[in-house]
Amino acid sequence: MSLAGLWDSLLPLGRHEGTGGYRRYSFTEADSACRDWFMKTAAERNLRPRCDRNGNLWAWWDCPGSPPAAPGTSGRPVAGATTPGQGAIVTGSHLDSVPDGGAFDGPLGVVSAFAAIDKLRGLGFVPARPIAVAAFCEEEGARFGLACLGSRLLTGALTPPAARELTDGTGVSLAEAMTAAGLDPAAIGPDDELLRGIAAFVELHIEQGSALDGLGAAVGIAEGIWPHGRWRLDFTGRADHAGTTRIPDRRDPMLPYAATVLAARQAAAGHGALATFGKVRAEPGGANGICSAVHAWLDARAPDEAALDRMVARIEAAARTAAGDHGVRLSIRRESFTPLVQFDRTLRDRLAGALASAGITAPVLATGAGHDAGVLAARIPAAMLFVRNPSGVSHSPAEHAAMADCASGVAALTAVLADLAGR
Ligand code: GLV
Ligand code: MN
Ligand code: MN
């Protein structure tokens, strides 16, 4: 099937008719449709489909003459020359989305992975080591609040008890959601055997910025990922009547929340960093009432951890001062953190070499966006390819990449897989 055909087969799943955005939240109907699509796409290609203990999906192109890649093979890093029989080369990304996300963030990496395998087969390529396509579970953290949930569990960056206790916005726990989806939450956790069977992971992703467009390149290589995290702020005040409560009598949690949003913007500008409140809940949420509580989530990112720490400390201090000024209680809790990621230099250079040999110019870029590749990088050599996004818009229905650039991404990924998994 052509790249466009493959792309079109996934496009309708989980798209909201009203907004045109995607609502592919883990373990929902839309997610299950995407999972079925993955399994069917794998089966159509005679790839061995698997769902691991953490809900991540795998499609294995087993290698003749070498044992199946997972479980049970021993992998070795792809540092120098590759040798037949060593660990697998895995590519892929994720299929879940943020609320009203774009079509490309995640799915482009999965679709491109299948398309690259089609291309390799069309070229008569015989792999010297297994190749797999992976789709990691809950990369966006849109349902359970923790980004890269599946890859964190796989690598041990998140403990199973902590994961099982995560709840969605309606109070459903991860354990309950997994059970309802037919998975066993008691089985989640690190999978060293699976990881040992992987020599390298290469994730292709739409660029979530417009640097490639500025450089006139269709494809880029990731250098690293900014450290980033999410903090939950709970402002608790007192519910009261909007029409009768005198200003001095109010304990309105909306006011310190508003001051904190403005302080975050200032702190970010002062640290060359980014701070965003994209999710907020006012309780009980009546238009004619002072709310009793405001729950808000801060997403903070910076080029280095010291700058991130300083910025978040400044935002926290501003929030505490504002809460005190308005007689409001405040609690702050860090919900997730991803340290600075510098992708494996040897693997990165290897990608650059493979692309150069294929006549593809690929600038090297850092990014502020989080990815499963960044989590996996703590355990195995990982790398990323980016595909041009002319507007730079992402996490929005307006996110877009031209099909011609997506085809260039597939060509780049094909060259990389042929190099890493070839004889
Ligand atoms: C994922 O796209 C993130 O950066 O939060
Ligand atoms: Mn995303
Ligand atoms: Mn993504």
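These figures come from a predicted structure and were not determined experimentally. (Residues numbered from 1 in each chain as written. Chains lettered and ligands numbered in written order. Predicted model: local features only at pLDDT ≥ 70, side-chain atom pairs only at ≥ 80, totals over all residues. Heavy atoms only, no water.)

J.: Sorry, what's going on with the pattern of salt bridges here?
T.: Pairing of side chains with opposite charge becomes possible as their charged atoms draw close. Within this structure, the stated rule accounts for 18 salt bridges. Of the charged contacts in the structure, one is a salt bridge between Glu283 and Arg281, with a shortest N-O distance of 3.3 Å. Residue Glu335 is joined to Arg333 by a salt bridge in which the shortest nitrogen-to-oxygen separation is 3.5 Å. A residue is classified by how much of its surface remains accessible, and Glu335, at 24% relative accessible area, is partly exposed. What you see here is one network of salt bridges that share partners, running through Lys40, Glu44, Arg45 and Asp118. (Salt bridge = Lys/Arg side-chain N within 4 Å of Asp/Glu carboxyl O. Buried < 20%, exposed > 50% of the residue type's maximum accessible area, 1.4 Å probe, protein only.)

J.: Which parts of the structure should I look at to understand the coordination of the manganese ion (ligand 2)?
T.: Tetrahedral coordination by four donors sets the ideal angle at the metal to 109.5 degrees; octahedral coordination by six donors sets it to 90 or 180 degrees. The manganese ion (ligand 2) binds to the protein through Asp105 (OD), Glu140 (OE), Glu140 (OE) and His395 (NE2), with metal-donor distances spanning 2.0 to 2.7 Å. Along the chain, the residues that donate to the manganese ion (ligand 2) are spaced as D-x34-E-x254-H. Here the manganese ion (ligand 2) and the manganese ion (ligand 3) are spaced 3.6 Å apart, with Asp105 acting as a shared donor. Of this pair, Asp105 sits in the loop between β3 (88–94) and α3 (107–122) while His395 is found in the loop between β15 (382–387) and α13 (403–421), placing the two residues 290 residues apart along the sequence. According to the relative accessible area criterion, Asp105 is buried, its value standing at 5%. A relative accessible area of 40% places His395 in the partly exposed class. (Donors = N, O, S within 2.8 Å, 3.2 Å for Na, K, Ca; no water. Helix = DSSP H or I, 4+ residues; strand = E, 2+ residues; numbered from the N terminus.)

J.: I keep staring at the coordination of the manganese ion (ligand 3) and nothing clicks. Help me out?
T.: Each protein donor to the manganese ion (ligand 3) is listed here as His94 (NE2), Asp105 (OD) and His205 (NE2); together their distances run 2.0 to 2.2 Å. If you list the donors of the manganese ion (ligand 3) from N- to C-terminus, the spacing comes out as H-x10-D-x99-H. Residue classification places His205 among the buried residues on the basis of a relative accessible area of 0%.

J.: Which parts of the structure should I look at to understand the environment of Gly5?
T.: Relative to the helices and strands, Gly5 is located in helix α1 (residues 3–10). Residues Gly5 and Ala115, spaced 110 residues apart in sequence, show a C-alpha to C-alpha distance of 9.9 Å.

J.: Just to check I follow, could you spell out the packing of helix α9 (residues 254–271) against helix α10 (residues 305–325) for this structure?
T.: Any two packed helices are characterised by the angle at which their axes cross and by the distance between the axes. Running from N to C, α9 and α10 cross one another at 155 degrees; their axes reach a closest spacing of 9 Å. The angle between the axes of α9 and α10 places the two elements in the roughly antiparallel class. Between α9 and α10 the crossing geometry is right-handed. Here α9 contributes Pro256, Ala259, Thr260, Ala263, Ala264, Gln266, Ala267, Ala268 and His271 to the contact with α10, which in turn contributes Ala307, Arg310, Met311, Arg314, Ile315, Ala318, Ala319, Ala322 and Ala323. Residues of the contact of α9 with α10, tallied by class, amount to 13 nonpolar, three polar and two charged. (Axes fitted to C-alpha atoms, helices over the stretch in contact; angles between N-to-C directions. Parallel < 35°, antiparallel > 145°, perpendicular 65-115°, else oblique. Left-handed = near helix turned anticlockwise from the far one by under 90°. Contact = heavy atoms within 4.5 Å. Nonpolar A, V, L, I, M, F, W, Y, C, P; charged D, E, K, R; others polar.)

J.: Looking at this structure, I do not really get the site of ligand 1. What am I missing?
T.: Every residue near ligand 1 is listed here: Asp105, Glu140, Gln208, Arg301, Ala369, Gly370 and His395. Side-chain polar atom of Arg301 to an oxygen atom of ligand 1: 2.7 Å apart, as the coordinates give it. Considering ligand 1 on its own, with 200 Å² of exposed area, one finds that the protein chains cover 94% of that surface. (Near = heavy atom within 4 Å. Polar contact = N/O pair within 3.5 Å; in protein donor to acceptor, adjacent residues only side chain to side chain. Areas by Shrake-Rupley, 256 points an atom, 1.4 Å probe, with all protein chains shown as cover.)

J.: Looking at this structure, I do not really get the environment of Ser391. What am I missing?
T.: Inspection of the secondary structure assignment puts Ser391 in the loop between β15 and α13. Taking the C-alpha atoms as reference, Ser391 lies 35 Å from Ala317; in sequence the two are 74 residues apart. Side-chain polar atoms of Ser391 contact the backbone nitrogen of Val393, separated by 3.1 Å.

J.: Can you walk me through the sheet that holds strand β12 (residues 329–338) in this structure?
T.: Whenever strands of a sheet pair, they do so through backbone hydrogen bonds, lying parallel or antiparallel. With respect to topology, four strands assemble into an open sheet ordered β9-β11-β7-β12, the strand pairing being antiparallel. This sheet does not close on itself; its edge strands, each paired only once, are β9 (274–283) and β12. For this sheet the average axis-to-axis angle between neighbouring strands, irrespective of direction, equals 15 degrees. One ladder, built from nine bridges, connects β9 with strand β11 (residues 293–301); its direction is antiparallel. (Pairing = 2+ DSSP bridges.)

J.: Honestly, the side chain of Glu207 in this entry has me stumped. Any pointers?
T.: With respect to the helices and strands, Glu207 occurs in the loop between β5 (198–206) and α8 (211–215). Arg388 is the oppositely charged side chain nearest to the buried, salt-bridge-free Glu207, at an N-O distance of 7.8 Å. A distance of 3.0 Å separates a polar side-chain atom of Glu207 from the backbone nitrogen of Leu212. Beyond its immediate sequence surroundings of up to four residues, Glu207 is in contact with Leu212, Leu365, Phe386, Val387 and Asn389. (Lys, Arg positive; Asp, Glu negative; His and termini not counted.)

J.: Could you clarify how one ought to interpret helix α11 (residues 345–357) in this entry?
T.: Three or four residues apart is the spacing at which side chains of an α-helix point the same way, because the helix has 3.6 residues per turn. Taking 1.5 Å per residue as the helical rise, α11 with its 13 residues ought to reach 18 Å, and the 18 Å between its terminal C-alpha atoms agrees with that figure. When we look at burial in α11, the residues that qualify are Leu347, Arg348, Arg350, Leu351, Ala354 and Leu355. Buried residues in α11, looked at end-on, bunch into an arc of 160 degrees, giving them a common side. Away from its buried face, by an angle of more than 90 degrees, α11 presents the exposed residues Arg345, Ala356 and Ser357. (Expected span 1.5 Å × (residues − 1). Arc of directions from axis to C-beta.)

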